[in-house]
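Coordinate analysis (summary)
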Amino acid sequence: MRAADIGTRRVIQLNETASIRQAACTMRQHDVGCVVATKNTLLGVLPSGILTDRDLAVRILAGEKDEDQPLGGVESAPLAVCRPDATIDELIDIMLGSHVRRLPIVDDDGRLIGIVCLDDVMAALAELMLRVSRAAIGERELDDAAYAEQEELSPAPAADEQKLQQA
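Residues numbered from 1 in each chain as written. Predicted model: local features only at pLDDT ≥ 70, side-chain atom pairs only at ≥ 80, totals over all residues. Heavy atoms only, no water.

**Some details on the overall build of the protein chain**
Let me state the cut-off plainly: Elements are defined by DSSP. Helices are runs of H or I of four residues or more, strands are runs of E of two residues or more, and each kind is numbered from the N terminus. For every residue, the accessible area (1.4 Å probe, protein chains only) is compared with the maximum for its type, and the residue is labelled buried under 20%, exposed over 50%, or partly exposed between those bounds. The contact rule is simple, with two residues in contact once any of their heavy atoms fall within 4.5 Å.
Across its full length, the protein chain holds six helices and five strands. Listing every helix and strand of the protein chain by position from the N terminus yields α-β-α-β-β-α-α-β-β-α-α. In the protein chain, buried positions account for 28% of the 167 residues. Taking the intrachain contacts of the protein chain between residues at least 6 apart in sequence as the baseline, contacts between residues at least 24 apart amount to 56%.

In structure tokens form, the structure reads like this:
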């Protein structure tokens, strides 16, 4: 499974000139835990940072920042990102190394194409474990069925003993 397989294409984004208050309202409106801050470049609109609900609570409200301050000064940057073909193992390494739970997915030009979060990784791992357990159970059921079939073909032990006693 790759980042593009387990992440989502739905990414809420705001220009880095938007205010912290706008970001919080947008997060509430879309029922999401983060917004990706973007900036206009010669290559187009590119992600520049991320603001999470935790950032709002810990760094902004508790730090008594001005809610009208632009995202450009408060979002987490530099932005940790991943490529669409990043494996689960690579995603975990990036998240651990960057101390983040959300990774924007970017294409070769750095354009935002999705986002993957730690919950997505955990759900993918749970799905893999379920598939592995089904494979193991299915294999065991086949082994049990083959054993039962073999038992039906072989004579019963009691019948063998009777033949030996008669001889």
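**Here's the deal with the sheet that holds strand 1 (residues 13-15)**
Short version of the rule: Strand pairing is assigned whenever DSSP identifies at least 2 bridges connecting the two strands. Note on definitions: angles span 0 to 180 degrees between N-to-C directions of axes, and those axes are lines fitted to C-alpha atoms, for helices only across the stretch in contact.
Spatially, three strands are ordered 1-2-3 in an open sheet, and the strand pairing comes out mixed. Each having just a single partner strand, strand 1 and strand 3 (44-52) make up the two edges of the open sheet. Averaged over all pairs of adjacent strands, the angle between strand axes in this sheet comes to 35°, irrespective of strand direction. Inspection of the sheet shows strand 2 (residues 34-41) paired to strand 3 by eight bridges, in the antiparallel sense. By the bridge assignment for strand 3, Thr41 is matched with Gly44. Packed on one face of the sheet, helix 2 (residues 20-30) meets strand 1, strand 2 and strand 3 and runs near 125° to strand 2.

**Some words on the pattern of salt bridges**
Applied cut-off: Salt-bridge detection follows one rule: a side-chain nitrogen of Lys or Arg within 4 Å of a carboxyl oxygen of Asp or Glu.
As enumerated under the stated definition, the model contains two salt bridges in all. Residue Arg111 is joined to Asp109 by a salt bridge in which the shortest nitrogen-to-oxygen separation is 3.0 Å.

**Thoughts on unusual backbone geometry**
A positive phi angle, near 55°, is found at Asp31, a position not held by glycine. As for its placement among the helices and strands, Asp31 is situated in the loop between helix 2 and strand 2. Under the relative-accessibility criterion, Asp31 is labelled exposed at 72%. Phi angles above zero are rare outside glycine, and His99 is one such case at about 60°. In this structure His99 comes out as exposed when scored by relative accessible area, which is 72%.

**Some words on helix 3 (residues 53-61)**
Rules: In this context, the arc is that of the directions from the helix axis out to the C-beta atoms.
All buried positions along helix 3 are accounted for by Asp55, Leu56 and Ile60. One side of helix 3 carries all its buried residues, which in axial view fall inside an arc of 100°. Buried residues along helix 3 sit in contact with helix 2 and strand 3.

**Regarding a negative patch on the surface**
As a reminder of what qualifies: Patch definition: residues with relative accessible area over 30% and no salt bridge; like charges joined within 9 Å; nonpolar side chains (Val, Leu, Ile, Met, Phe, Trp, Tyr) joined within 5 Å. What sets the accessible areas is the Shrake-Rupley method with a 1.4 Å probe; for residues, cover comes only from the shown protein chains. Counting rule applied: Lys, Arg positive; Asp, Glu negative; His and chain ends not counted. By convention, the point assigned to a charge is CZ for Arg, NZ for Lys, CD for Glu and CG for Asp.
On the surface, a cluster of negative charge is made up of Asp85, Asp89, Glu90, Asp93 and Asp108. Summarising the element assignment, Asp89 is placed in helix 4 (residues 88-98).

**Some thoughts on the side chain of Ser48**
Note the cut-off: Throughout this description, a polar contact denotes any pair of N or O atoms lying within 3.5 Å of each other; where both atoms belong to protein, one of them has to be capable of donating a hydrogen while the other can accept it, and for residues adjacent in sequence the pair is counted only when both atoms sit in side chains.
Take Ser48: it is sitting in strand 3. Residue Ser48 is classed as buried on the basis of its relative accessible area, which comes to 13%. Separated by 3.2 Å, the side chains of Ser48 and Glu16 make a polar contact. Aside from chain neighbours lying at most four places away, what touches Ser48 is Glu16, Ala37, Thr38, Lys39, Glu75, Ala77 and Leu79.

**Comments concerning the packing of helix 2 against helix 3**
Note the cut-off: An angle counts as roughly parallel when it lies under 35 degrees, as roughly antiparallel when it exceeds 145, as roughly perpendicular when it falls between 65 and 115, and as oblique in every other case. Crossing handedness follows the turn of the near helix against the far one: under a right angle anticlockwise gives a left-handed crossing, and clockwise gives a right-handed one.
Across the interface, helix 2 lies against helix 3 with an axial gap of 10 Å and an inter-helix angle of 140°. Comparing the axis directions of helix 2 and helix 3 gives the class oblique. Seen along the crossing, helix 2 lies across helix 3 with a hand that is left-handed. Mapping the contact onto sequence places Ile20, Ala24 and Met27 in helix 2 and Asp53, Leu56 and Ile60 in helix 3.

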